[in-house]
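Here's the letter readout for the chains.
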Amino acid sequence: MGKLDGKTAIVTGASRGIGAQIATVLAGEGARVIAAARTLKEGDPPLEGSLETTVAGIVAAGGDATAFPCDISTPEGCESL
């Protein structure tokens, strides 16, 4: 039983780096993770990491995660999230 069972966590910047690690740890503690970032697919932009990769890793480990591509630097992106 995880510390976050039954909770939902929204993680921005979840396509790579610290954001991806935070999303993974929260999912490991039982949270349903909404992984948000601008990069949905690998290679777009040409940096390593994407929402698809983060979510696939969480799901493969038995967690619950959903990719939500958005740009939270805009009011519209924030509203959609």
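Structure first, text after, so check above.
Residues numbered from 1 in each chain as written. Predicted model: local features only at pLDDT ≥ 70, side-chain atom pairs only at ≥ 80, totals over all residues. Heavy atoms only, no water.

(A) A look at the pattern of salt bridges. Summed over the entire model, instances satisfying the criterion amount to two salt bridges. A salt bridge links aspartate 64 to arginine 32; the shortest N-O distance between them is 3.7 Å. Taken together, the positions of aspartate 64 in strand β3 (residues 64-69) and arginine 32 in strand β2 (residues 32-37) put the pair 32 residues apart, joining distant regions of the chain. For arginine 32, a relative accessible area of 35% gives the class partly exposed. Between glutamate 52 and lysine 41 there is a salt bridge, with its nearest N and O atoms 3.1 Å apart. (Salt bridge = Lys/Arg side-chain N within 4 Å of Asp/Glu carboxyl O. Helix = DSSP H or I, 4+ residues; strand = E, 2+ residues; numbered from the N terminus. Buried < 20%, exposed > 50% of the residue type's maximum accessible area, 1.4 Å probe, protein only.)

(B) Local environment of helix α2 (residues 51-60). Considered for burial, the residues of α2 that qualify are Leu51, Thr54, Val55 and Ile58. With its buried residues spanning 95° around the axis, α2 presents them on a single face. Where the residues of α2 are buried, they touch α1 (17-28), β2 and β3. One or two positions beyond α2, positive phi appears at glycine 62, with a value near 95°. (Arc of directions from axis to C-beta. Contact = heavy atoms within 4.5 Å.)

(C) Up close: the pairing of β3. The pairing of β2 with β3 spans six bridges and is parallel. From the neighbouring strand, alanine 37 faces β3, where its bridge partner is proline 69. Handedness of the β2-α2-β3 crossover: right-handed. (Pairing = 2+ DSSP bridges. Right-handed = clockwise from strand over helix to strand, strands pointing away.)

(D) Representation of a nonpolar patch on the surface. Taken together, the side chains of Ile10, Ile72 and Leu81 present a nonpolar region at the surface, about 240 Å² in accessible area. Among the structural elements, leucine 81 can be located in the segment after α3 (75-80). (Patch = residues over 30% accessible without salt bridge, like charges linked within 9 Å, V, L, I, M, F, W, Y side chains within 5 Å. Areas by Shrake-Rupley, 256 points an atom, 1.4 Å probe, with all protein chains shown as cover.)

(E) The pairing of strand β1 (residues 8-12), seen in detail. Here β1 shows one buried face, formed by Ala9 and Val11, and one open face, formed by Thr8, Ile10 and Thr12. Note: β1 against β2, five bridges, orientation parallel. Each residue of the ladder has a partner; that of isoleucine 10, found in β2, is isoleucine 34. The β-α-β motif built from β1, the intervening α1 and the parallel element β2 has right-handed crossover chirality.

(F) Representation of the sheet that holds β2 in the model. In spatial order, the strands read β1-β2-β3; together these three strands make up an open sheet with parallel pairing. Edge strands, defined here as strands with exactly one partner in the open sheet, are β1 and β3. Taking each pair of neighbouring strands and ignoring which way they run, the sheet shows an average axis angle of 20°. Across the sheet, α1 is in contact with β1 and β2; its angle to β1 comes to roughly 170°. Sitting on the sheet, α2 is in contact with β2 and β3, with an inclination near 170° to β3. (Axes fitted to C-alpha atoms, helices over the stretch in contact; angles between N-to-C directions.)

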